[in-house]
Amino acid sequence: MSSFDQRSAAARRLGGIAAAIVLAGALSVLAGCGFQPLYGKPGGASGIGATDQLAAVRVAPLPDRAGQQMHNLLRDRLNPQGQPIRPRYLLEVRLHELRENLGIRVDETATRANLTVVASFALRESGTGELLYRSDARSTNSFNILTSQFATDVAENDARERALRELADSIRTRLGIYFSRRDSGEI
């Protein structure tokens, strides 16, 4: 083995040791700051975690096509097995859309638009109807306005679907944070 190969092997060993030290330091910093996974169970395997709480949420039906899409997205994100048989919570969602034309040509026709979708949602106790948590989530997506009306409609529907996916993810995260804080006694 040449001296270059010996130095290269020694450098790789030192690099591996340095990486292990950096990783151990990063993990100890996370442990010291009180880091706790959002969807983990408090206190380890015992207790009810945010994931179990989310699985107990029934999503109330929403009107129109966008509402049906939002209902299905939320149901899949909160409980992939479907609606709970005995829900502890009820999630009510209302959607509002705003379309704003951008990119105006000289002939005053728009070439681009923003579609903003706002989801106002409320989490209620299933049995009593008591309001537990209320918030709004907002998503804005752009699309091109084309000469073909069909192509414009397809682009607008795609922007709407992107917005609904973002809103469903945001609502799931916010509810997970709410349950995590409530279970830890912060709320």
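Residues numbered from 1 in each chain as written. Predicted model: local features only at pLDDT ≥ 70, side-chain atom pairs only at ≥ 80, totals over all residues. Heavy atoms only, no water.

Description of the sheet that holds strand β3 (residues 110-125)
Here is step 1 of the chain: One open sheet holds the four strands; their spatial order is β1-β2-β3-β4, and the pairing between them is mixed. Edge positions in the sheet fall to β1 (57-59) and β4 (131-144), since each has one partner strand and no second. Neighbouring strand axes in the sheet, compared pairwise and without regard to direction, differ in orientation by 25° on average.
Here is step 2 of the chain: Note that β1 and strand β2 (residues 89-104) share three bridges and pair parallel. In the strand pairing of β2, V59 is matched with L91.
Here is step 3 of the chain: Where helix α3 (residues 64-78) meets the sheet, its contacts fall on β1 and β2, and the angle it forms with β2 comes to roughly 125°.
Here is step 4 of the chain: Strand contacts of helix α4 (residues 149-184): β1, β2, β3 and β4, with the helix running at about 155° to β4, the strand carrying the most contacts. (Pairing = 2+ DSSP bridges. Helix = DSSP H or I, 4+ residues; strand = E, 2+ residues; numbered from the N terminus. Axes fitted to C-alpha atoms, helices over the stretch in contact; angles between N-to-C directions. Contact = heavy atoms within 4.5 Å.)

Regarding the pattern of salt bridges
Here is step 1 of the chain: Within this structure, the stated rule accounts for six salt bridges.
Here is step 2 of the chain: When the shortest N-O distance is used, the salt bridge between E156 and R160 registers 3.4 Å. In this pair, E156 and R160 are both assigned in helix α4, four residues apart and thus about one turn of the helix distant.
Here is step 3 of the chain: Judged by its relative accessible area of 13%, E156 is buried.
Here is step 4 of the chain: If you follow the salt bridges from partner to partner, you end up with E97, R99, E156 and R160 in one network. (Salt bridge = Lys/Arg side-chain N within 4 Å of Asp/Glu carboxyl O. Buried < 20%, exposed > 50% of the residue type's maximum accessible area, 1.4 Å probe, protein only.)

Concerning the packing of α3 against α4
Here is step 1 of the chain: At a minimum axis separation of 9 Å, α3 and α4 run at an interaxial angle of 40°. What the angle tells us is that α3 and α4 run oblique. Between α3 and α4 lies a crossing of right-handed hand. Contacts between α3 and α4 involve A66, Q69, M70, L73, L74, R77 and L78 from the first element and R160, E161, L164, R165, L167, A168, D169, I171, R172 and L175 from the second.
Here is step 2 of the chain: In the contact of α3 with α4, the residues fall into ten nonpolar, one polar and six charged. (Parallel < 35°, antiparallel > 145°, perpendicular 65-115°, else oblique. Left-handed = near helix turned anticlockwise from the far one by under 90°. Nonpolar A, V, L, I, M, F, W, Y, C, P; charged D, E, K, R; others polar.)

Quick look at unusual backbone geometry
Here is step 1 of the chain: Positive phi, normally seen in glycine, also occurs at D64, with a value near 60°.
Here is step 2 of the chain: The residue D64 is located in helix α3 in this model.

Section: the nonpolar core
For soluble globular proteins, the rule of thumb is that nonpolar side chains tend to be buried together.
Here is step 1 of the chain: If you look at the biggest cluster of nonpolar residues, it comprises 35 residues, and the most contacted ones within it are L91, L175 and F179.
Here is step 2 of the chain: Here L91 is in contact with V57, R58, V59, A60, L74, L78, F121, A122, L123, I171 and L175, once residues within four sequence places are set aside. (Core = buried A, V, L, I, M, F, W, Y, C linked by side-chain atoms within 4.5 Å.)

Remarks on the environment of L132
Here is step 1 of the chain: Position of L132 among the secondary structure elements: in strand β4.
Here is step 2 of the chain: Measuring from C-alpha to C-alpha, the distance between L132 and Y89 comes to 9.1 Å, with 43 residues separating the pair along the chain.
Here is step 3 of the chain: Once residues lying within four places of it in the same chain are set aside, the contact partners of L132 are Y89, L123, R124, E125, Y178 and R182.

A look at α4
Here is step 1 of the chain: End to end, α4 covers 52 Å across 36 residues, agreeing with the expected 52 Å (1.5 Å per residue, within 8%).
Here is step 2 of the chain: Positive backbone phi, approximately 90°, marks G185, located one or two places after α4. (Expected span 1.5 Å × (residues − 1).)

Some points on the confidence of the model for the chain
Here is step 1 of the chain: Across the chain, the average pLDDT comes to 82, with 76% of residues at 70 or higher.
Here is step 2 of the chain: Of all secondary-structure elements in the chain, the lowest mean pLDDT belongs to helix α1 (residues 3-32), at 63, while β4 reaches the highest, 95.
Here is step 3 of the chain: The model gives residues 43-47 a pLDDT under 50, and that stretch makes three contacts with residues more than four places away or in other chains. (pLDDT = per-residue confidence, 0-100.)

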